[in-house]
Amino acid sequence: MRLSLEINGEDRFSLSDPLTPLVDVLRDEFFLTGAKVVCREGFCGACTVLLDGQPAVSCLVPVGLAAGCKITTVESLARDGVLSPLQRVMEEYDAVQCGMCFPGMLMTLTGFLARARNPSREDIKEALVGNVCRCTGYERIVDAALAAAQATVVEG
Amino acid sequence: MPEPSTAVKNFPRRDARDKLRGHTRYTVDRGRPGMLHATLLRANTPSARIVRIDASEARKMPGVRAIVSAVDAPGRHGIGIADHPLFATGRIRYDGEPIAAVAAETLAQARAAAAAIVVELEPLPAVISMADALAPDAPLVHPDWRSYEVLLEGGARAGNVAWEATVVRGDVDAAFARSDVAIVESVYRVGRQNHVSFEPRAVIASYEDGRFHIETSTQVPWSVRNATARLLNVPPSQIRVTVPAVGGGFGLKFDCALEPFAALLARAAERPVRLVNSRQEEMLTCLCRENAEIRIRSAVTKEGEIVGREAVVLMDCGAYGGEQIFLTTMTAHTLGGNYRLGAVRLASRAIYTNTAPNGAFRACNGVYNTFALERHTDEICAAIGIDPLAFRRHAVLGDGDLGSTGQVFESDVLGPMLDRMAELRTAKPSKRPMAGPRLYGRATTVGTWFVFVGPSAATINLNADGSATLVTSGVEIGSGSMMQALPQIVSNALGLRPEDVIVRAADTDAGGYDVGVGGGRTTVSLGAASMAACVEVRRKLLEVASEMLEVAPGDLVLADGRVEIIGIKGSGATIVEVAERAQRVVGPISGSGSFTGPGVVAMPGCATGHFIDAIDIPVFAVHECEVAVDPETGHVEVLSYAVVQDVGRALNPRAIYGQIQGGVVQGLGYALHEEISIGAKGRIDQTGFETYRTPLAQDVVPVEISLYEGAPSIGPLGTKGAGEVPILNVAAAIACAVSNATGRPVQELPLTPPHVLALLLGNKPSLELPHISASWRDNVFAEPSCVARAP
Ligand code: FES
Ligand code: FES
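All figures in this text were calculated on a predicted structure; none of them were measured in a lab. (Residues numbered from 1 in each chain as written. Chains lettered and ligands numbered in written order. Predicted model: local features only at pLDDT ≥ 70, side-chain atom pairs only at ≥ 80, totals over all residues. Heavy atoms only, no water.)

### Regarding the overall build of chain A
Our working definition: Going along the chain from the N terminus, every DSSP run of H or I of four or more residues is numbered as a helix, and every run of E of two or more is numbered as a strand. Every radius of gyration here is taken over C-alpha atoms, with the globule rule written as 2.2 Å times N^0.38, N being the number of residues. Three exposure classes are used, based on accessible area relative to the maximum for each residue type with a 1.4 Å probe and protein chains only: buried under 20%, partly exposed in between, and exposed over 50%. Should any heavy atoms of two residues lie within 4.5 Å, those residues are considered in contact. Accessible surface is estimated by sampling points in the Shrake-Rupley manner with a 1.4 Å probe; for residues, cover comes only from the protein chains shown. In this count, Lys and Arg are taken as positive residues and Asp and Glu as negative ones, while His and the chain termini are left out. Taken as the charge centre is NZ of Lys, CZ of Arg, CG of Asp or CD of Glu, depending on the residue.
A count of helical and extended segments in chain A gives 6 helices and 5 strands. Scanning chain A from its N terminus toward the C terminus, one meets helices and strands in the order β-β-α-β-β-α-β-α-α-α-α. Relative to the compact-globule value of 15 Å for 156 residues, chain A shows a C-alpha radius of gyration of 15 Å, a close match. Within chain A, buried positions represent 56% of all 156 residues. Look at the contacts in chain A between residues 6 or more apart in sequence, and 54% of them connect residues 24 or more apart. Accessible surface, chain A as shown: approximately 6500 Å² in total, 53% of it carbon and sulfur. Distance between charge centroids for chain A: 1 Å, based on 14 positive and 20 negative side chains.

In structure tokens, the structure reads:
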């Protein structure tokens, strides 16, 4: 069976079994290796992508269920090599260490900031409840996300 | 050479952008054309004799290209003693031990074939805990321990004691016999900690032109090269190790791991082979921070002089010695650190058990010995009625004081650091009101760590476009030292911009020998080797420039991409012009340099079985925290956390802040909720994130940080490694604060809510460690003797 998928705004086709975890299809078939497999159990958030704008852990989503959704991965955040405001502020704040959690962090925060109105530090931490980072101790990621949120408020 | 201070800047990291875009290809993201997928067949019993392994049916299964087992890898490796074969050989020693490896066209095919391998076992009795292992007549994990090749002489060992390191300085019996001392005795126990590095151990290997190419997620490319050679019984020169970006290490990847399996399979199948641990495999066979048990006793005068101290530390190495053999050395410098001691004797023993081997983890050995030492110090203060802060200010190591092995410490560092912490404390209101009706506690702890120096090599090619390529075997594991500190050091020495320094990813065919990334050594050892390489590059560059400009080399400086005549801005030529000319006239400019620890004197005869008798670069830390303990649930909330860290010179302060925040949070996990238990069958109970709880964003607070600069260091530009030490005294600070809040002695970690609640309710029986004899001598095979002389 051929599955039609919309990945980062493009129509793609997959021949995978519909029960294959979306993350494996993204990584192994389309070489979109941004989403990371860290736990495969839905706990770490490193495989987070957006499905119709909502953060979802792609290790638990069968690809068959993602057909018909707009799938957005971290690779699409920068446009024409220009970082998204959230990516830019993460770079400015020197937030990245090993970097493995960032694709998932960025997708969760991108989804969250698109909806949140003037979020507080606590709101951001709450939004990250499903995203583990083993390196950074979080605070700088939160600082950066807060700065991005405030910039949006100012610009908007 | 230019001023060291001009090297200081918050240089951003080159690798951040691709990591943020999801473009970075870690080992787990890589593949090669024609690549096979591999899996390991692992034991599911802790101890058994292997009667028969039959892979004949498995070999015929679809897609299977190679199956290898013990017969294919005859060697043993290890640290101190070569006790570790690649595959279980003759017997199973731990649950999870590899028995065979399979490569097939798909992972599913490899797994199916592994499941079809027939393994006939005969159960043997197992020792699961260190108490089991030390019991009289305990079954031996290694019945033939005597026959193993000894790689470092000096450690006493017998039966289930894999290694024993001792320190004896002065007359401890006399100190304890004094009539004017209080004697305080304590026991402590800690469990294991899993690194949970986000990228699991992963490797892709191939066999090309009669050599192995191993691409792997490691901190130690040269150890991988050498251990793989030993295990496969091939010359090390037949192995090339390259390392892409590493997705977290924390010490987990400080040892050879999956590489030899993949290499063997690649040679057998004549195809590239990929082998990646699942998260469950990472949890069950992680090379955790070891569980440990500690008995410590001190004789202290009422003025607070520690006239005598003795301790026994048991470290569980699991089924094979591994890193723990080396780490027995550390007790002398961690438990034996922090304070001025009269007579002292310490025993540190690595114990074999039928459990998964342990390994290195950030500030290895230090975190629990510091926990024990600082809790013990608070117990001493309570016993003699001295304020813990006043005691520490008076008793910490200072200029000219002797370490436990008799090394002489230089300069007062810990004392002024405690003063700095006092300033931070008074500058801000206490968070006590945030505790509300909960129990409130505060504690300040000190810690001693060191930079693990050792050999490093560096080569620098100065390119004709004015950039420099730095070739080393250093690995960027996330801490930024390769991406930030090294370019800053090199660019400062050569008058370039740090962004013009290209850092070559580790490749043992290109860079010279290196101990590896760990122990806070990258900035120091690789930095010093790079500085030495810069000296040669500078000399060559200035010679050519001197001819061009007709000025003596001594009258020239390198700065801002130019070679200038001292004192005349804008004079001279650009480095590009000089490098281009050099290329034409004398050939391209390059330089190489190397470094190793110069070694510091200890007292002869004090330390036995140690890999390092004295520490080249001590590093100190002072931590303070405030906690609130909920008396209803036992939940501990961290209200504030502050760190004063000895960094020598902070080359990139912002990067160091990031390391401190991250290291403290890993320490909070260890102190509060990262718990590993081992079932009766020797299997680790925690198999993933659901059962092993690492800190989340909501668990943490921003750490207040003050970098203490200027303490002596042989590191380049006065640096000390800053990434290792932030975790060192977190468990100590939290445990002392919880003890202060609850009024109960904290003897064990982690302080999970049930644990704290049991303490509060008085349900927690006092810890007993009957297998550590109260008489120190009964715990050791051999007692060195060394009588302290006045320094
Ligand atoms: S890999 Fe999907 S949540 Fe961890
Ligand atoms: S940066 Fe390493 S896990 Fe977050």
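### Regarding the overall build of chain B
Secondary structure assignment for chain B yields 20 helices and 32 strands. The principal-axis extent of the C-alpha atoms belonging to chain B is close to 80 × 70 × 55 Å. Taking all 791 residues of chain B together, 64% fall into the buried category. When contacts within chain B are restricted to residue pairs at least 6 apart in sequence, those whose partners lie at least 24 apart make up 81%. Only carbon and sulfur atoms are counted for the fraction: they give 52% of the accessible area of chain B, which is about 26400 Å². In chain B, 74 side chains carry a positive charge and 85 a negative one; their mean positions are 3 Å apart.

### Quick word on the sheet that holds strand 32 (residues 704-709) of chain B
Residues and elements named next belong to chain B. The test is simple: Paired strands, in this sense, are two strands between which DSSP finds at least two bridges. To obtain an axis, a line is fitted to C-alpha atoms, over the contacting stretch when the element is a helix, and the angle between two such axes runs from 0 to 180 degrees between their N-to-C directions.
Judged by pairing direction, the sheet is mixed, and its 4 strands sit side by side in the order 21-30-31-32 without closing on themselves. Each edge of the open sheet is held by one strand with a lone partner, namely strand 21 (439-451) and strand 32. Taken over all neighbouring pairs, the strand axes of this sheet differ in orientation by 15 degrees on average, direction set aside. Two elements, strand 21 and strand 30 (residues 617-629), share 13 bridges in a ladder whose sense is antiparallel. From the neighbouring strand, Gly447 faces strand 30, where its bridge partner is Ala621. Across the sheet, helix 13 (residues 414-427) touches strand 21, strand 30, strand 31 (636-648) and strand 32, and the angle it forms with strand 30 is around 30 degrees.

### Quick word on the sheet that holds strand 7 (residues 91-92) of chain B
Strand pairing in a sheet relies on backbone hydrogen bonds. The paired strands run either parallel or antiparallel. All names here are of chain B. In space, the 3 strands of this open sheet follow the order 7-2-9, with antiparallel pairing throughout. Every other strand in the sheet has two partners, leaving strand 7 and strand 9 (118-123) as the edge strands with one partner each. Where strand 2 (residues 48-54) and strand 7 come together, 2 bridges link them in antiparallel fashion. Paired with Ala48 across the bridge in strand 7 is Ile92.

### Some words on the pattern of salt bridges
All names here are of chain B. Our working definition: Salt bridges are defined by distance alone: a side-chain nitrogen of Lys or Arg within 4 Å of a carboxyl oxygen of Asp or Glu.
On inspection of all chains with the given rule, the structure shows 63 salt bridges over all chains. For Arg539, the salt bridge identified is with Glu543, shortest N-O distance 3.4 Å. Of this pair, Arg539 and Glu543 both sit in helix 16 (residues 522-549), separated by 4 residues, roughly a single helical turn. With relative accessibility at 44%, the residue Arg539 sits in the partly exposed group. Each of Asp173, Arg297, Glu310, Arg345 and Arg777 takes part in a single network of salt bridges with overlapping partners.

### A look at the packing of aromatic side chains
What counts here: Aromatic pairs are defined between Phe, Tyr and Trp rings, using the six-membered ring for Trp, whenever the two ring centres lie within 6.5 Å; interplanar angles under 30 degrees are classed as stacked, those over 60 as edge-to-face, and all others as tilted. As a reminder, the over-ring test applies to NZ of lysine and CZ of arginine, requiring each to be within 6 Å of the ring centre and within 35 degrees of the ring normal.
One pass over the structure, following the stated rule, counts 13 aromatic pairs over all chains. Here Tyr339 of chain B and Phe391 of chain B contribute two aromatic rings whose centre-to-centre distance is 6.0 Å and whose plane-to-plane angle is 55 degrees, an arrangement assigned as tilted. Residue Tyr339 of chain B is located in the loop between helix 10 (331-334) and strand 20 (343-352), and its partner Phe391 of chain B is located in helix 12 (residues 388-395); the two are separated by 52 residues in the primary sequence. For the pair Tyr339 of chain B and Phe391 of chain B, one class covers both residues: buried. An aromatic cluster is present here, built from Trp163, Phe326, Trp449, Phe450, Phe452 and Phe611 of chain B joined pairwise through their rings. Its end group placed over the ring of Phe13 of chain A, Arg2 of chain A keeps NZ or CZ at 3.9 Å from the ring centre.

### Focus: the interface of chain B and chain A
Counted only if it meets this: Accessible area that two parts lose when put together, with a 1.4 Å probe and added across both, is what the buried area reports. Throughout this description, a polar contact denotes any pair of N or O atoms lying within 3.5 Å of each other; where both atoms belong to protein, one of them has to be capable of donating a hydrogen while the other can accept it, and for residues adjacent in sequence the pair is counted only when both atoms sit in side chains. Nonpolar residues are Ala, Val, Leu, Ile, Met, Phe, Trp, Tyr, Cys and Pro. Charged residues are Asp, Glu, Lys and Arg, and all others, Gly as well, are polar.
With 50 residues of chain B at the contact, the number on the chain A side is 44 residues. Here chain B and chain A share an interface that buries about 3900 Å² over both sides, 57% of which is from carbon and sulfur atoms. For the chain B face of the interface with chain A, the top three residues by lost area are Leu20, Arg21 and Phe198 of chain B, together amounting to 21%. There are 5 salt bridges connecting chain B and chain A. A salt bridge links Arg654 of chain B to Asp94 of chain A; its shortest N-O distance comes to 3.8 Å. If you look at where chain B meets chain A, you find 26 residue pairs in polar contact (both at pLDDT 80 or more). At the level of secondary structure, the elements contributing two or more residues to the side of chain B that touches chain A comprise helix 1 (16-21) and helix 18 (653-672) of chain B. Among the elements that line the side of chain B that touches chain A, the one with the most residues is helix 18 of chain B, at 9 residues. Across the side of chain B that touches chain A, the residue classes tally to 21 nonpolar, 18 polar and 11 charged.

### As for the packing of helix 15 (residues 481-494) of chain B against helix 16 of chain B
All names here are of chain B. Under the convention used in this document: Should an angle fall under 35 degrees it is taken as roughly parallel, and over 145 as roughly antiparallel, whereas 65 to 115 is taken as roughly perpendicular and any remaining angle as oblique. Rotating anticlockwise by less than a right angle from the far helix to the near helix defines a left-handed crossing, while the corresponding clockwise rotation defines a right-handed one.
Closest axis-to-axis distance for the helix 15/helix 16 pair is 9 Å, and the angle between their directions is 30 degrees. Put simply, helix 15 runs roughly parallel to helix 16. The hand of the helix 15/helix 16 crossing is right-handed. Between helix 15, through Ser481, Met482, Ala485, Leu486, Ile489, Val490, Ala493 and Leu494, and helix 16, the contact on the second element is made entirely by Thr522, Thr523, Leu526, Gly527, Ser530, Met531, Cys534, Val537 and Arg538. For the contact of helix 15 with helix 16, the per-class residue count stands at 11 nonpolar, 5 polar and 1 charged.

### Describing helix 15 of chain B
All names here are of chain B. Inclusion rule: To estimate how far a helix should reach, multiply one less than its number of residues by 1.5 Å.
Between its first and last C-alpha, helix 15 extends 19 Å over 14 residues, near the 20 Å set by a 1.5 Å rise per residue. For helix 15, the buried fraction is high: 14 of the 14 residues fall into the buried class. Phi for Gly495, located one or two positions after helix 15, is positive at around 70 degrees.

### Observations regarding the packing of helix 3 (residues 85-92) of chain A against helix 4 (residues 102-115) of chain A
Residues and elements named next belong to chain A. Packing of helix 3 against helix 4 brings their axes to within 10 Å, and their N-to-C directions diverge by 130 degrees. In terms of orientation, helix 3 lies oblique with respect to helix 4. As helix 3 packs across helix 4, the resulting crossing turns out to be right-handed. From helix 3, Leu86, Gln87 and Met90 reach across to helix 4, where they touch Phe102, Leu106, Leu109, Thr110 and Leu113. Class assignment of the residues belonging to the contact of helix 3 with helix 4 gives a composition of 6 nonpolar, 2 polar and no charged.

By themselves these figures say nothing about function.
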